[in-house]
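Architecture at a glance
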Amino acid sequence: MKFFQGGQFKNKDIRLDAKVVIITGANAGIGKEAAIECAKRGARVYMGCRDPARMEKARQEILDKSGSQNVFGLELDLASFESIRSFVKTFLSMERRLHVLINNAGVMACPKAYTKEGFEMHFGTNHLGHFLLTNLLLDVLKRSAPSRVVTVSSLGHKWGRINKDDINAEKDYREWDAYMQSKLCNILFSRHLAKRLRGTGVNTYALHPGTINTELTRHLNPCFRTMAKPIFWVFFKSPKSGAQTTLYCAMEPTIASHTGLYYSDCKLKEPEPHAQDDAMAEWLWNLSERLTGLSSH
């Protein structure tokens with residue numbers, strides 16, 4: 001089974017004492033595993049999660065497993081701009097620094113649904129939600145530099161296409177197309193953000209965590225899920241193994257000067273050519289600024 005667990009972050013000596021880390025979607029899967037590891041290494045960890053009850057349950061587990069007292073839960077619904085702004089306001093009232101932002105939360109292949117502001121759920125949550133969150137935290141990230149923004153994308157970006165004429169999937173909705181478009185957006189966002197942040201000491205990283213048996217698979221056809229269970233068990237990474245590339249991007253000293261690049265299995269990886277399209281990245285950035293209301297500031 002070990003073979004399928006992929007690259008592991010071997011650097012056990014790195015400490016995160018006095019460092020502040022935010023992880024979205026830290027109540028389950030790879031987000032929770034990343035939170036345990038960061039807390040174990042001495043970081044002050046802020047969990048941004050949608051469901052307060054599930055967040056508190058996970059927080060207790062993270063405290064137990066990490067032996068840390070410095071894990072805090074703040075409500076965050078990435079499908080609501082109001083919730084994102086409120087999360088940032090509360091966080092900034094508690095902390096003056098932020099060293100690592102891990103954009104981890106996401107939805108995958110869910111039935112057609114819209115965010116509070118009326119955006120298609122994958123585009124609105126996986127991309128726009130994290131776009132707004134990151135931008136609202138840029139000042140504190142710059143003040144705390146060297147700092148990192150780590151965005152969890154997916155190999156799915158390979159099949160993703162930015163549908164300029166129907167980015168909100170109003171004319172035609174296919175859940176996998178919507179998911180893969182949002183994962184392509186993650187890489188283009190990370191790439192363009194790196195460009196904008198050059199010289200600030202804030203570096204950006206996008207990654208494919210691997211194929212992981214987590215709650216993200218909950219929207220898959222139940223019959224397929226039952227049949228695939230043994231396959232998940234053998235070929236899919238555990239959430240702990242799935243978190244390794246996230247941790248690598250968040251901490252590894254040898255990539256401290258890298259920015260805007262893409263990683264898989266704790267190694268630098270070349271994303272698909274259409275994920276390196278700088279003109280598209282800029283178009284997406286300008287659109288996202290407009291849609292999140294940031295361009296009016």
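Anything mentioned here points back to the structure above.
So, a few notes on the structure that sits alongside this text.

What counts, and where the lines are drawn
Residues numbered from 1 in each chain as written. Predicted model: local features only at pLDDT ≥ 70, side-chain atom pairs only at ≥ 80, totals over all residues. Heavy atoms only, no water. Axes fitted to C-alpha atoms, helices over the stretch in contact; angles between N-to-C directions. Helix = DSSP H or I, 4+ residues; strand = E, 2+ residues; numbered from the N terminus. Parallel < 35°, antiparallel > 145°, perpendicular 65-115°, else oblique. Left-handed = near helix turned anticlockwise from the far one by under 90°. Contact = heavy atoms within 4.5 Å. Nonpolar A, V, L, I, M, F, W, Y, C, P; charged D, E, K, R; others polar. Phe/Tyr/Trp six-rings, centres within 6.5 Å; stacked < 30°, edge-to-face > 60°. Buried < 20%, exposed > 50% of the residue type's maximum accessible area, 1.4 Å probe, protein only. Pairing = 2+ DSSP bridges. Salt bridge = Lys/Arg side-chain N within 4 Å of Asp/Glu carboxyl O.

**What about the packing of helix α1 (residues 29-40) against helix α2 (residues 52-66)?**
- Running from amino to carboxyl end, α1 crosses α2 at an angle of 40°, the nearest separation of the two axes being 9 Å. Judged by the angle between their axes, α1 and α2 are oblique. As α1 runs across α2, the sense of the crossing is right-handed. When α1 is examined against α2, the residues Lys-32, Ala-35, Ile-36, Ala-39 and Lys-40 are found in contact with a partner set consisting of Ala-58, Glu-61, Ile-62, Lys-65 and Ser-66.
- When grouped by side-chain class, the residues that make up the contact of α1 with α2 number five nonpolar, one polar and four charged.

**Overview of the packing of aromatic side chains**
- Inspection of every chain in the model, using the stated rule, returns 10 aromatic pairs.
- Note on Phe-131 and Trp-285: the rings are 4.7 Å apart at their centroids and 70° apart in plane angle, and the pair reads as edge-to-face. Here Trp-285 lies in helix α10 (residues 278-291) and Phe-131 lies in helix α4 (residues 121-136), a separation of 154 residues in the sequence.
- For Trp-285, a relative accessible area of 2% translates into the label buried.
- Here the aromatic cluster, defined as three or more aromatic residues joined through ring pairs, consists of Phe-9, Tyr-205, Tyr-248 and Tyr-263.

**Focus: unusual backbone geometry**
- Omega for the peptide link from Ala-145 to Pro-146 comes to 5°, which places this bond in the cis form.
- Tracing the sequence through the fold places Pro-146 in the loop between α5 (138-143) and β5 (147-152).
- Although it is not a glycine, Ala-18 adopts a positive phi angle of roughly 65°.
- Relative to the elements of secondary structure, Ala-18 occurs in the segment before β1 (20-24).
- Of note, the phi angle at Ala-109 is positive, near 50°, even though the residue is not glycine.

**Observations regarding the sheet that holds strand β8 (residues 267-269)**
- Read across the sheet, eight strands follow the order β3-β2-β1-β4-β5-β6-β7-β8 without closing on themselves; strand pairing throughout is mixed. The sheet is open, and its two borders are formed by β3 (71-75) and β8, each paired with just one other strand. Adjacent strand axes in the sheet meet at a mean angle of 25°, parallel and antiparallel pairs treated alike.
- Both strand β2 (residues 44-49) and β3 contribute to a ladder of five bridges, which runs parallel. Bridge pairing in β3 links Val-45 to Val-71.

**Section: the pattern of salt bridges**
- Tallying each qualifying case throughout the model produces 11 salt bridges.
- A salt bridge links Glu-61 to Lys-32; the nearest nitrogen and oxygen atoms lie 2.9 Å apart. Of the two residues, Glu-61 sits in helix α2 while Lys-32 sits in helix α1, which places them 29 residues apart along the sequence.
- Assessed through its relative accessible area of 26%, Glu-61 is described here as partly exposed.
- Of the residues examined, Lys-32 reaches a relative accessible area of 16% and is grouped as buried.
- Its salt-bridge partner being Glu-289, residue Arg-196 comes within 3.8 Å of it at the nearest N-O pair. Linking Arg-196 in helix α6 (residues 175-196) with Glu-289 in helix α10, this pair joins segments that are 93 residues apart in sequence.
- For Arg-196, a relative accessible area of 46% translates into the label partly exposed.
- Judged by its relative accessible area of 19%, Glu-289 falls in the buried class.

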